[in-house]
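Listed below, chain by chain, are the residues.
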Amino acid sequence: MKKSKLFIFAIAVLAVLMISCHKGRNKLVNSWKITAVEPKLPISDSMKNVILTQGTLTFTEDGHVTGYLTQEINNGTYALTKGGKNLVIKDETGTPYPCESIITEDQLTLDSKEMKLTLKKI
């Protein structure tokens, strides 16, 4: 009897976790354009301009991401944790780019140790 209650409790917790993570992912799935760059480390004006003009990210429901941040991302992956408040983007080589994220219906804010980016849904 105790094992069955524990099993049911574990399934309920797992379901809640999956739903909360999926909810953040639903808001993220789309194409986004970088509209603001706030560097925390020195970068050239030309690099900032390239990020603003070329910077886009497209997130898919199956956990893949493509676009351009400071370099091209062709076949990356992403993971949301902490209820959508942490986003880790990995490029094709598996290099992780962790950041704190704020996701609303039409705006995405990514705050990493290098820079803070604001993106608008396109």
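Everything below is about the structure printed above this text.
For clarity, every value in this text was computed on a predicted model and none was experimentally measured.

Participant: Give a detailed account of unusual backbone geometry, specifying residues and quantitative values.
Facilitator: Even without being a glycine, lysine 82 presents a positive backbone phi close to 55°. On the secondary structure map, lysine 82 appears in the loop between strand S4 (72-81) and strand S5 (86-90).

Participant: Give me the lowdown on the packing of aromatic side chains, citing residues and values where you can.
Facilitator: The final tally for this structure, using the stated rule, is one aromatic pair. Between phenylalanine 59 and tyrosine 78, the ring centres sit 4.9 Å apart and the planes meet at 85°, which makes this aromatic pair edge-to-face. One end of the pair, phenylalanine 59, is in strand S2 (residues 56-59); the other, tyrosine 78, is in strand S4, and 19 residues separate them in sequence. On the accessibility criterion, phenylalanine 59 (2% relative accessible area) is buried. Note on tyrosine 78: relative accessible area 5%, which makes it buried.

Participant: Go over the nonpolar core, please, and point to the residues and values.
Facilitator: Leu28, Leu57, Phe59, Leu87, Ile89 and Leu117 are the most contacted members of the largest nonpolar core, which has 21 residues in total. Elements represented by at least two residues in this core include exactly strand S1 (30-39), S2, S4, S5, strand S6 (96-103), strand S7 (107-111) and strand S8 (115-121). Setting aside anything within four residues of it in sequence, one finds phenylalanine 59 in contact with Leu28, Val29, Asn30, Trp32, His64, Val65, Tyr78, Leu87, Ile89 and Leu108.

Parameters at a glance
- Residues numbered from 1 in each chain as written.
- Predicted model: local features only at pLDDT ≥ 70, side-chain atom pairs only at ≥ 80, totals over all residues.
- Heavy atoms only, no water.
- Helix = DSSP H or I, 4+ residues; strand = E, 2+ residues; numbered from the N terminus.
- Phe/Tyr/Trp six-rings, centres within 6.5 Å; stacked < 30°, edge-to-face > 60°.
- Buried < 20%, exposed > 50% of the residue type's maximum accessible area, 1.4 Å probe, protein only.
- Core = buried A, V, L, I, M, F, W, Y, C linked by side-chain atoms within 4.5 Å.
- Contact = heavy atoms within 4.5 Å.

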